[in-house]
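Survey of secondary and tertiary structure
Residue strings, one per chain:
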Amino acid sequence: MGKYVIKRIIGIIPLLVVVSFIVFLFIHLIPGDPARLIAGKEATVKEIQAIRHELHLDEPIFQQYLIYMDGLLHGDFGESIKSHIPVMHLIGERMLPSIELSLLSMGWALVFGILIGVLSAVFKNRWPDYGGMVTAVSGISLPNFWLGLVMIQLFSVQLGWLPTGGADSWKGYIMPSIALGAGIMAMIARFTRSSLVQTLKEDFIRTGRSRGLSSMTIVFGHALKSSLIPVVTVAGLQFGFLLGGSVVVETVFSFPGMGRLLIDSIQLRDYPVVQAELLLFSFEFILVNLVVDLLYGFLNPKISYET
Amino acid sequence: MAEIVTKTDYMPKSRGKLRSFCAAFIHKKTAVASFFFFCLLIILALIGPSIVPYNPQTPDYNHVLQGPSWLHLAGTDEYGRDVFSRLIVGTRLSLGVGISSVLLGAVAGTILGLISGYFGKWVDKTIMRICDVFFAFPDILLAIGIIAILGPGLQNVVIAVAIFNIPSFARVVRGKTLEVKEMLFIEATRSIGATKSRIIFKHVFPETFSTIIVYLTMNLGTAILAAASLSFLGLGASPSSSDWGAMLSMSRDYMGTAFHLVFFPGLIIFLTVLSLNIMGDGLRDVLDPKSKD
Amino acid sequence: MAANNLLEVKNIKKYFPLSKGWFSAKGHVKAVDQVSFSIQRGETFSLVGESGCGKSTLGRLINGLIKSDDGEIIFKGKNLTGANEKAWRSYRKPMQMIFQDPYASLSPRMKIKDILDEPLKIHHPELSKETRKTMVQEILDVCGIDAYHLDKYAHEFSGGQRQRIGIARALILKPELIIADEPVSALDVSIQAQVLNLLKELQENYQLTYLFISHDLSVVEHISDKIAVMYLGNIVEISPAEDIFSRPKHPYTQALLSAVPIPNPKVKRERIMLKGEIPNAANPPKGCKFHSRCPHAMDICKTVEPQLKKVEGQMVACHLY
Amino acid sequence: MYDLLNVKGLKTAFKNNNQRVSVVNGVDFGINKGEIVGIVGESGCGKSVTSLSIMRLLHDTTGDIQDGKVTFKGENLLDLSERSMRKIRGKEIAMIFQEPMTSLNPVMKIGKQLMQGIILHLKYSKEKAKKHAIDTLKSVGIPRAEDIMNEYPHQLSGGMRQRVMIAIAMSCEPELLIADEPTTALDVTIQAQILELMKRLQSDRGTAILMITHDLGVVAEVCDRVIVMYAGRVVEEASVDELFESPRHPYTKDLIESVPKIGERKSRLYSIPGHVPNPNQMPNGCKFAPRCQHAMEICFNKEPELTSEEKRKHRCWLYQQNNVGREQNLGSK
């Protein structure tokens, strides 16, 4: 097990390096001279020159990458072109609400997704199954921004129960987390169902029945564990969906998170902020999947008992 | 245990592949209904502009922001344009973006996946490592990053969505190829002296084909959603176009007063994606029964 | 060696690495370890052994489906060792295979006529479509399948019929050697007898040489001229079929024979019950690999690996002799 | 009547493409206490479905029992509620399966899987159950029983797993053990060990065993009495010695004849022509008639009954009505 953990952790290091390099290249891939972009339209040639030197844009590209990485390791993501506030500072105040929102969404999606999936599998081809799967396929097909707008219309405009946006109180988290988690809940429900249905067809389930175990013992004592192990992996992959969705949902609800900052920055062409956001989002995703991998290894005796 | 019956030594009646596929698919009533709905959308995309009741671009300032009525089934927008007509005309745009981006991604991804899965070794390692890098960026964020570089616009949405589809197709096709490659009949074909290219194109690819079709259908839904999201964020279709996502984006300003402007474009996106997902489920059950529940 | 040898295998070796890790390979499974034997034209040479003894790997090595790590394969006087994939493709024409699972060894998407036509297309592209069609019909007839089945798919046939189609596919290229990997073990008894009889008939009519791989000693006895018994990647005994059943030499052969249940309740035998199970092939016992289960194990068995040597016309790798 | 289990007129059908196909059609047989009875037949003959029907384990299949009676110690199992049936399963009748690799829960320790049944049926405390579990493992010849309790199935070899399966089955001292092809997936030397173990358990504990197999060799080695099945029907029943010495039904004869036997090298094996009929295209009359060498006109029109003759039974027109075989038998009485 220890070897497995070390192997996984070492395994993501090259990925982190490559991803950071690609994100670093981002600013060079944008058409035009980055120094000119940063300096603004009215800048003189001299000003541009100064910025180029200040940002080390006159150095060889590999050198620039090392400088960039050095900055990253010290928590320096550069500074915003528009507001000239350090990017770290801009993102820092947006990070917490975003993380809270994603954990909240993931949490309810997991709980309800697994619940619906288990019910559907246990009552396969009966009405709880049909109900669960109609909910799930709808959940996958719902555009999250539309779900958000419909909820705003209903709960904020018509009924006035919840605020239309912001993260000032817990009430501000309710609708965004529903809009964000709906699709993930649906995916997890479908996957849990199919995994559990598959497990219930295994030979060892028949062995269990032949020993006189009740259906409850068989489903919850035998089948659930082995069918939830792959759900862990799927939940990890869904996290990417969640990060992407947060950009859209945060925009709908004017939620002060990282996602909305990204869209705002793109519209303002504030590239250093965009760059930092892309890096943080992808690192977050990689790390979540690392945790998921480790969890998978821990739950699966075939891995955890080897070595 | 159903094997007890199927494994017995008997010969089922001879039946054509296509016929048995159709017979099995017909049993999935919802899938068939979705299939017809999707066909309707395709027809609308093809002939929509010539059958709409109103010109989708002509403003009518006498009927601004009207709710749904018999005259205007889905109401009118802030310029008095008929929303129903705009939705129908927008079908071509919204479906077109989804279909072209998924097809692009599917073709490139399938080729990469086949190569990777069949040749293995360093070829496989290289392709899969590159895919891993793409997977490190969550789908929509990758698209947003690409659009940030290329600039907003429908064409760039197609490129961005195609790019995030490539690695996922590559991975799925590779997985299936590896599975097929281990099958005994592939080894049997090698043992009669068949060349690698013959094995890939005549034997492995047809086996992976049904998986690709199912995955294509499902991803088409996702792609339409992604393109709509990007247009909604103002990164895709120009706000004045009749793209569904763009229409939604524009109508946000009229939330309180004209909710139908938000409701109908979203509804049509939802129904389109729903029909694709149901169709995909049906196809999977029929074509790829092993991956079924 | 005798000029009559169709196939000669010398010291062939195949080690499969165990899960290639980040740091190092965890070791090797010695699937086939220094195996040598030769097959004469027209005979049936059988490889028997329990699962994991390397018999199927050996069959695939000879056909080039798996590349050997070391040793030589000499077929019709030609050394095939080290040939590239392209050369192997032409070597395979006179050396065809029949596989164990008739359900999995035929392509599910091809009609029978296309399955049988494929080898011809590959090796005889000069033949016309008509000629190929006649050849396909002829071979089906020989293998006992009616020609009106030509347009059917494999899944429409029963197991026995599918195995006949598999045999037809191997036979259509007029091979000299057929490597049959457990060709009847997936079939029911009554069908198994049909297929075994067919294989025998074909051998007589077409002067075929068989390398017959099986775990079933009673089937092997019935069909073979010579039998090699494998244990953990080694051949422990090679004997003419009559001898191996009347006077098995190697203790493993003796145990294997006595373990086979005999369908006659009147026959009561003293059974040699082996201790334990086959050791892990990644970490086989030192010396003679069988010593950990052998009822006659001596001190020397634990240290020195015995080599095949001639004992009364049989080849045995055992320190007892 | 047999004193442990009586199966009468058992009929089980499977639903296949909205069609009901009888896989087991009117099966009659019985088992006495402490007896080893074999059911032998080729794939698709309905032998496995018969065993699952007795245990009422067709849950996850499209199959269900249409008709018949399964009387175990005087009680018809088919009339019992699911709840009472659960008290029979594992306690009175236990079962082992063909695939030891997949028949154990891969993510649960051996000890827990073993103790679950003991606690459920014998109502032992945890400590007592654990002790009993270890004893049972030892009794089936598992070395390091204490360690194995804490291991997962993938850490064991195939033969060991089948021993664990037997331990689980025997842990509650059932009166009947149904073994569905218990050695088919194992190598011959391991098969010999497992068969030896089963014979020992039977003689030590007096457990009756219903052995389901396709292998006539296994039948000859372990069974006292044999039931031969073909196309969902019992075609012959006899003591093991009688069956191999003088098989009555042509199918039994042919089956024995077509097995290659060690020490009897022949240039040609006897083989039965044709193949087993498709369950939804059964021939009229005797199901074996199209493949039978002795088929008469009546065989194609009317299905023979299972008839008793002294201690054996067969389903064949050759021995019925004014047939020679029957007259000879009557004469000898």
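Residues numbered from 1 in each chain as written. Chains lettered and ligands numbered in written order. Predicted model: local features only at pLDDT ≥ 70, side-chain atom pairs only at ≥ 80, totals over all residues. Heavy atoms only, no water.

Of regular secondary structure, chain A possesses 13 helices and zero strands. Written out in order from the N terminus, the α and β elements of chain A read α-α-α-α-α-α-α-α-α-α-α-α-α. Taking the principal axes of the C-alpha coordinates as reference, chain A spans close to 85 × 60 × 30 Å. A burial count over chain A gives 51% of its 307 residues as buried. (Helix = DSSP H or I, 4+ residues; strand = E, 2+ residues; numbered from the N terminus. Buried < 20%, exposed > 50% of the residue type's maximum accessible area, 1.4 Å probe, protein only.)

Before going further, it helps to examine the interface of chain D and chain C. On the chain C side, the residues contacting the 45 residues of chain D number 44 residues. Broken down residue by residue, the surface that chain D buries against chain C is led by Thr189(D), Ile262(D) and Arg265(D), which jointly contribute 20%. Across the chain D-chain C interface, the total number found is three salt bridges. Ionic pairing is found between Glu201(C) and Arg268(D), a salt bridge with its closest N-O pair at 2.8 Å. Our enumeration of links across chain D and chain C arrives at 15 residue pairs in polar contact (both at pLDDT 80 or more). Where the side of chain D that touches chain C is concerned, the elements lending two or more residues are helix 6 (158-170), helix 7 (188-205), helix 8 (216-222), helix 9 (240-245) and helix 10 (250-258) of chain D. At seven residues, helix 7 of chain D tops the list of elements feeding residues into the side of chain D that touches chain C. (Contact = heavy atoms within 4.5 Å. Buried area = accessible area lost by both parts, 1.4 Å probe. Salt bridge = Lys/Arg side-chain N within 4 Å of Asp/Glu carboxyl O. Polar contact = N/O pair within 3.5 Å; in protein donor to acceptor, adjacent residues only side chain to side chain.)

All names here are of chain A. On the UniProt side, "transmembrane region" (unreviewed entry) is annotated at positions that read residues 12-30, 103-123, 173-192 and 278-299 here. As a span, residues 12-30 carries 95% helix and 0% strand, and end to end its C-alpha atoms are 28 Å apart. Measuring from the first to the last C-alpha atom of residues 278-299 gives 32 Å, for a span that is 100% helix and 0% strand. (UniProt positions renumbered as here; feature names shortened; annotations may be inferred.)

Annotation from UniProt places "domain: ABC transmembrane type-1" (unreviewed entry) at residues 91-280 of chain B. Secondary structure content for residues 91-280 of chain B is 83% helix and 0% strand, and the end C-alpha separation is 20 Å.

Turning our eyes to something else, we now look at the sheet that holds strand 11 (residues 309-311) of chain C. Residue and element names in this part refer to chain C. Pairing is mixed across the open sheet formed by eight strands, whose spatial order is 6-7-8-3-9-10-12-11. The open sheet has two edge strands with one neighbour each: strand 6 (95-98) and strand 11. On average, each strand axis in the sheet is inclined to that of its neighbour by 20 degrees, with strand direction left out of account. One ladder, built from six bridges, connects strand 9 (residues 226-231) with strand 10 (residues 234-240); its direction is antiparallel. Looking at the pairing, Tyr 231 lines up with Asn 234 of strand 10. Across the face of the sheet, helix 6 (residues 189-206) comes into contact with strand 3 (44-48), strand 6 and strand 8 (209-214) while running at roughly 160 degrees to strand 8. Helix-sheet contacts for helix 9 (residues 251-259) involve strand 9 and strand 10, and the interaxial angle to strand 9 is about 100 degrees. (Pairing = 2+ DSSP bridges. Axes fitted to C-alpha atoms, helices over the stretch in contact; angles between N-to-C directions.)

Turning our eyes to something else, we now look at the UniProt feature "transmembrane region" (unreviewed entry) in chain B. When the UniProt feature table is mapped onto this chain numbering, "transmembrane region" (unreviewed entry) sits at residues 31-52, 93-119, 131-151, 157-173, 212-237 and 257-280 of chain B. As a span, residues 131-151 of chain B carries 81% helix and 0% strand, and end to end its C-alpha atoms are 24 Å apart.

Before going further, it helps to spend a moment on helix 4 (residues 61-73) of chain A. Taking 1.5 Å per residue, 13 residues should reach 18 Å; helix 4 of chain A reaches 18 Å between its end C-alpha atoms and fits that length. Trailing helix 4 of chain A by a residue or two, Gly75(A) shows a phi angle of about 75 degrees, which is positive. (Expected span 1.5 Å × (residues − 1).)

This part is about the packing of helix 10 (residues 215-252) of chain A against helix 11 (residues 258-268) of chain A. Geometry of a packed helix pair, given as the angle between the helix axes and the separation of the axes. All names here are of chain A. The contact between helix 10 and helix 11 brings their axes to 7 Å, and the two run at 85 degrees. Classified by the interaxial angle, the pair formed by helix 10 and helix 11 is roughly perpendicular. Across the interface between the two elements, Ser 246, Val 247, Glu 250 and Thr 251 of helix 10 pack against Met 258, Gly 259, Arg 260, Leu 262 and Ile 263 of helix 11. A class-by-class count of the residues in the contact of helix 10 with helix 11 yields four nonpolar, three polar and two charged. (Parallel < 35°, antiparallel > 145°, perpendicular 65-115°, else oblique. Nonpolar A, V, L, I, M, F, W, Y, C, P; charged D, E, K, R; others polar.)

Within the largest apolar cluster, 127 residues are counted, with the highest numbers of intra-cluster contacts made by Phe145(A), Phe253(A) and Ile144(B). Mapped onto the domain boundaries, this core takes at least three residues apiece from domain 1 (2-73) and domain 2 (91-299) of chain A. In this structure, Phe253(A) is in contact with Gly148(A), Met151(A), Ile152(A), Thr164(A), Gly165(A), Gly166(A), Met175(A), Pro176(A) and Ala179(A), ignoring residues within four places of it in sequence. The next biggest cluster of nonpolar side chains, apart from the first, holds 103 residues, and it includes Val24(D), Ile31(D), Phe97(D) and Ile142(D). (Core = buried A, V, L, I, M, F, W, Y, C linked by side-chain atoms within 4.5 Å. Domains from an automatic or database assignment.)

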